[in-house]
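Structural characterization, general
Each chain, written out:
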Amino acid sequence: MNQSFARIYRLTKTDDFSSVFGFRKAIRGKLIMLHYQPRGEGFDDARLGLVVGKKQLKKAVDRNIFKRVIREQFRLCRAGLPAVDLVVRLAVKPVKTNRKIIADEFLSLVKKLPRQLSVK
């Protein structure tokens, strides 16, 4: 199985992000907010988009660490995910960027995703 993070597994266009936010379904954790939208018929893979603002993390190094950890966790668990578009963003300003905490919270939110997502 291919576990790369190719372009087909990313949300790249503004319209993609807008449609996920417009669907208005989200799971909130202590640090992260996971917005999701089921993909249409004929799509089998999950896609990921990241939103990390300067207001939450001032340093580019911290923003990049956050994004790198989320991408890696998504890449590893992508095969077990339903066909869904995910947008991950920070819910609160973290005190310190801890890779383990970020990874664990992302995985716990992904486990809370409804398994049978249907397009309405």
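Above: the structure in question.
The shown structure was predicted, so the numbers you read here are calculated from the model rather than taken from an experiment. (Residues numbered from 1 in each chain as written. Predicted model: local features only at pLDDT ≥ 70, side-chain atom pairs only at ≥ 80, totals over all residues. Heavy atoms only, no water.)

When its secondary structure is counted, the protein shows 3 helices and 4 strands. Compactness check: the protein gives a C-alpha radius of gyration of 14 Å against a globular reference of 14 Å for 120 residues, within 12% of the reference. The C-alpha extent of the protein, read off along each of the three principal axes, is 40 × 30 × 25 Å. Looking at the protein as a whole, 42% of its 120 residues are labelled buried. Across the protein, the fraction of contacts at a sequence separation of at least 24, relative to all contacts at a separation of at least 6, is 80%. As displayed, the protein has an accessible area near 7,500 Å², and 50% of this comes from carbon and sulfur atoms. In the protein, 28 side chains carry a positive charge and 10 a negative one; their mean positions are 9 Å apart. (Helix = DSSP H or I, 4+ residues; strand = E, 2+ residues; numbered from the N terminus. Rg over C-alpha atoms; globule rule 2.2 N^0.38 Å. Buried < 20%, exposed > 50% of the residue type's maximum accessible area, 1.4 Å probe, protein only. Contact = heavy atoms within 4.5 Å. Areas by Shrake-Rupley, 256 points an atom, 1.4 Å probe, with all protein chains shown as cover. Lys, Arg positive; Asp, Glu negative; His and termini not counted. Charge placed at Lys NZ, Arg CZ, Asp CG, Glu CD.)

This part is about the pattern of salt bridges. Here the structure, examined in full by the defined rule, presents 5 salt bridges. We note a salt bridge from Arg-75 to Glu-72, for which the minimum N-O separation is 2.7 Å. Of this pair, Arg-75 and Glu-72 both sit in helix 2 (residues 60–77), 3 residues apart, roughly one helical turn. Under the relative-accessibility criterion, Glu-72 is labelled partly exposed at 34%. Linked through salt bridges whose partners overlap, the residues forming this network are Asp-16, Arg-39, Arg-47 and Asp-85. (Salt bridge = Lys/Arg side-chain N within 4 Å of Asp/Glu carboxyl O.)

In a beta sheet, neighbouring strands are held together by backbone hydrogen bonds and run either parallel or antiparallel to one another. The 4 strands are arranged 1-2-4-3 in an open sheet whose pairing can be described as mixed. Of all strands in the sheet, those with a lone pairing partner are strand 1 (26–28) and strand 3 (47–51), marking the two edges. Here the average twist between neighbouring strands, direction ignored, is 20°. Pairing of strand 3 with strand 4 (residues 84–90), which is carried by 5 bridges, proceeds in the parallel orientation. Note that in strand 4 the partner of Arg-47 across the bridge is Asp-85. Contacts from helix 2 reach strand 2 (32–38), strand 3 and strand 4, with the element oriented near 165° to strand 3. (Pairing = 2+ DSSP bridges. Axes fitted to C-alpha atoms, helices over the stretch in contact; angles between N-to-C directions.)

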